[in-house]
Structure formats: C-alpha cells, structure tokens
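Residues per chain, in single letters:
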Amino acid sequence: MNKAYKYKLKPSSYQQQMMANWLDMLRSHYNFCLRDRIESYDQVKQPKLGNYCDLRTKAECCPLTCSVSKNSNLGEPFKGDKKRSAYEIQSSELPNLKKTRSWYKQIHSTVLQQNLRKLDTAFKNFFDGRGYPKFKTRQRFKSFNYPPNQVKLKGNKIYLPSIGWMRFFQSRQIPEGFSLRSVTVRQKADGWYVSITLEDKSIPQSQPKDLDQVKSVIGVDLGIKKLLALSNGEQIKNPNFEKQLERTKTIRQRRASRKKKGSKNQKKAYQNLARIDQKIVNRRTNYQWNIAHHLTRLADVIVLEDLNIQGMSKRCKPKQDENGKYLRNSQSAKRALNRLIRDCSWGELVLKIQQVAEKFGCIVTEVNPKFTSQTCSNCGHVDSASRNKEKFVCTNCGFIADADNQASVNIGMKGLEILGISPSKLLVDNQKVTAKSELTDSSKKREKSMALVVEPSNPLQLSLFEWINGQAIGCSESPVTALA
C-alpha cells in the first residue's frame, strides 16, 4: 500500500537561500535539455552544418552531419553496442556539466537525475496524447525531487542530502512499517513543503468490488450553482471560494501595482497576493476531499459525467463582417462563466473522487452526459422543452422533479447499462434520502453517512423524487428508484 504525507518545513535562512538557488539552476538545466531534445529532432528533418559524422573516430567526412541520435546531442548515445535512451544520453553528460559549470556541484547528483526524469516524463505524456513540453518560467518551476533511499526521517526532523537536517511541522504521525519512497520539496507562497511517499508491501492494495457484490449505485451531475446533484436527491452547494476572497484579492492587487517596480516592497506585496491564491486552493482542496469521502460512503459505484472542461472554458471564436471588422462574439459575457468553471475545478474533483474510490474499493465510471438533462427519468421521453432552468416538467407524462437531480438519475442509469448491472439487484430500502446536504450544513460539524438502516423513527423511505426542496410530492414507482 502507498500513502502520501505532506508537511511544512522549518528551514534556516541559509537553507532557504540554497533551495531557492537550486530551483533557479534546475530550471535552467531543464530548459537547456528541452532545447537540446528539440534541436536534435530538428536535425533529423533538416541537417545542419557540422564538423564530423563518424562517432568512433570523430573524423570530418562531409560538410553535413548525419544525425546519430534524434533524442539528444549531449553525452554519448551508445554504451558499448547498446543504444541509450534520451534520459540516459543526457544523464551521461552530467559529470561534464559540473566540470564546465562548477556551481552545479552544490546540487546533489540524484536531484539532477530526477530533473531529467521529469523532462522524460513530460515527453512520455506528449506521446500519450497530451500537450507538448514547454519551457519553464520561474512561476511554473517550484519543486525538485529525491529518489528512494536518499532522505532520512527522525521524529520531526528530516535530512535532505546536500542541504542538511531541518525540522518540520509534524501535523500527523508517520505510520510504522512503511518504507520511504520518493520525496518532493516544493516552494509555496507561505514557505517550503515536503511531500513524502510511503510504501508498505505487506499491506495489499484494495481491489475494486466485483459487479456481483455491488449493492448501491449513485449518479452525480456536476454543476456551477450546485456543485453536485446526486441521484438520491441530495444537493451539494458550491461555496465559491474565489468569490469569497475576491474583494481582498482586488485590494492586494491594487497595492502591489502601486509599488515601485523591482523594489522589496513590491516583492512583499506580491507575496501577500500569492497567499490569497494559496488560501483559495487550500480551502477548495479540503472541501473536495470531504466530498470525495462522502460519495464513497454513499454507494459502491459512482457514475460521473465525462465533461469536456477545456472545450467548455474555451474562448469564443472571433466574428468578422464583410469588411474585416470584428463584431461582438459574447466573449465578455462568457468570461464570467469561465471564471465560475475554473472556481468549480471539476477536473481536480473527479481525480480526488477516483483516488478515494480506489482506496476503498469503489468503482468509478464516466458516461457521456448528452441529453441527460432533457430526458425524463420516469418515462424516458426526450424533449428540451421539459427543462426550464432548474425545474423539470415532462411534456409527456407530467413528471415533476429538480432538473439537476433527475439528470443525475439518467447518468446513473447510463452507468448501469455500461457496467451491465440490473437496477432490480440494487438495495432500495437501506438509504435515507434528505433534501439538504450534510456537507453544507454549518450547524453539523461532523459528517454522517447517508446510508442508514431503516429505523422506527423513519418508517417510510421516500423514493428519489418524493422529497424536493423540503416538500414531499407524489411520484409513481419506476425502476430508477433503485438509484435512490
């Protein structure tokens, strides 16, 4: 089993300056190696003038070079008769780097190697269909890594090679029996943090439940005003953390803009501004972890929407008339929507739900949300006229429900079809449906499970759409109540 712990470090002023210098040098090394890999690949397509093309004798054979490796021009591309990978080629050049640039000697050798691993991972992600690796700016390069068996822990002290011992805030105890794996040191607005990955091979990883063991399924509809609408009638609101601190952030932005450019006061002002952004991220992250654990307690299978978040927050295409003059394209109005989508952070929420579900053995699947908000969960009739803002009234059977909650039922039904689970096999009588989320109730500090056994105080278990906005309404029985 693998676990990750994060602690805040207490470095001395000398150690802080050393780690800051390391980040500058590692960023320069990362960008230099990235440029080398780009130029090496371009050399294959369009050879440039060179001095030699024979690798063994390094003799000048022709005015044009024949590319030995398309991965790198640094180091030696062969080790004996075996051809090296791009990481190995650039890693073989590290001793020469420390000779020509002696200030790199203060960086531990394994940290430089992990820096090249980071670049190699970026190219692997690109080959898997993700974005092309970019040159790192100072704001986008804030961490460095240590490999396993390099860092030492002793109580609330940690030893980082070539930096030394330093204390950290031991917010929680490190469990016994776990071996230390990778260690990441990261700089944030309010100081330095260390992320430790622990591993215990004696404890097996939890396996997802078999489909025959599934007893409950819940559909989740992602939104803006309601962050989540669940198929059991529950609604989890969106706190809008960015909007809560919007005024404070605006004031600090104005203060920072009035400072003299390049002065120490300007640097302090921007540090105070960065702390606001970090506070927003910390609050949002904590809220999302609570939601992820809450969902795993509700059901064995969680069905989510497969949203194209990047496309939803994309800029509007420019419009031009016959004379080439640009027309209004509603981008100013969509900018507010993009800000709300960014504040919701659906992508991070989905990742956290998947991580927590994997930890507890739950199954998470994503479905196409097309027509889920226009389909009646009672009769299956599809009509866009049935949806009116947050209300849903079926034009065929007259079924009344909350639009987001009934869309989550359709999402859950799609998930059942994909997994091949029959709704009749699910438990219907073991969940208590409430109209108000216990996560959003400030009067209750501790979260309680929604999957409650039938009690004498709750003899009548309401189905999904029998309880909306605190009022009970009549509803005909249908197979979708298995998701409640």
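Note: the structure precedes this text.
Here the structure is a predicted model, which means the values were calculated and not measured.

Chemist: How should I be thinking about the overall build of the protein in this particular structure?
Modeler: Along the protein, the regular secondary structure elements total 11 helices and 21 strands. Going through the 484 residues of the protein one by one, you find that 40% of them count as buried. Long-range contacts, defined here as pairs at least 24 residues apart, represent 66% of the contacts in the protein between residues at least 6 apart. Carbon and sulfur atoms provide 48% of the accessible area of the protein, an area that totals close to 29000 Å².

Chemist: For this particular structure, what's the right way to read empty space enclosed by the protein?
Modeler: Rolled over the atoms, a probe as big as a water molecule pinpoints where empty space is left. Applying the stated criterion to the full structure yields 3 cavities of 30 Å³ or more. By volume, the largest cavity amounts to about 50 Å³. Together, L227, N238, P239, F241, R284, Y287, Q288, D343 and C344 line the largest cavity. Secondary-structure elements contributing two or more residues to the lining of the largest cavity are helix 7 (264–298) and helix 9 (331–344). At 3 residues, helix 7 tops the list of elements feeding residues into the lining of the largest cavity. Of the residues assigned to the lining of the largest cavity, the class counts are 5 nonpolar, 2 polar and 2 charged.

Chemist: I'm lost on the packing of aromatic side chains in this one. Help?
Modeler: The geometry of an aromatic ring pair comes down to the distance between the two centres and the angle between the two planes. As enumerated under the stated definition, the model contains 11 aromatic pairs in all. Arranged with centres 4.8 Å apart and planes meeting at 85°, the rings of F126 and Y132 form a pair that is edge-to-face. Residue class for F126 comes out partly exposed when judged on its relative accessible area of 29%. Residue Y132 is classed as partly exposed on the basis of its relative accessible area, which comes to 39%. Taking 5.8 Å as the distance between ring centres and 75° as the angle between the ring planes, the aromatic pair formed by F241 and Y287 counts as edge-to-face.

Chemist: Help me understand the packing of helix 7 against helix 10 (residues 346–360), please; the structure alone is not making it clear to me.
Modeler: In helix packing, the relevant descriptors are the interaxial angle and the interaxial distance, both defined with respect to the helix axes. Relative orientation of the contacting elements helix 7 and helix 10 amounts to 45°, with a least axis distance of 9 Å. Classed by the angle they form, the pair helix 7 and helix 10 counts as oblique. At the point where helix 7 passes helix 10, the crossing takes the right-handed sense. Along the contact surface, helix 7 presents T285, Q288, W289, I291, A292, H293, L295 and T296, while helix 10 presents E348, L349, K352, I353, Q355, V356, A357 and F360. In terms of residue class, the contact of helix 7 with helix 10 is made up of 9 nonpolar, 5 polar and 2 charged.

Cut-off values and rules
Residues numbered from 1 in each chain as written. Predicted model: local features only at pLDDT ≥ 70, side-chain atom pairs only at ≥ 80, totals over all residues. Heavy atoms only, no water. Helix = DSSP H or I, 4+ residues; strand = E, 2+ residues; numbered from the N terminus. Buried < 20%, exposed > 50% of the residue type's maximum accessible area, 1.4 Å probe, protein only. Contact = heavy atoms within 4.5 Å. Areas by Shrake-Rupley, 256 points an atom, 1.4 Å probe, with all protein chains shown as cover. 1 Å grid on protein atoms, 1.4 Å probe; cavity = no way out; pocket = protein on both sides within 12 Å on 5 of 7 lines; lining within 4 Å. Points joined across faces, edges and corners; volume = space filled by probe spheres on them. Nonpolar A, V, L, I, M, F, W, Y, C, P; charged D, E, K, R; others polar. Phe/Tyr/Trp six-rings, centres within 6.5 Å; stacked < 30°, edge-to-face > 60°. Axes fitted to C-alpha atoms, helices over the stretch in contact; angles between N-to-C directions. Parallel < 35°, antiparallel > 145°, perpendicular 65-115°, else oblique. Left-handed = near helix turned anticlockwise from the far one by under 90°.

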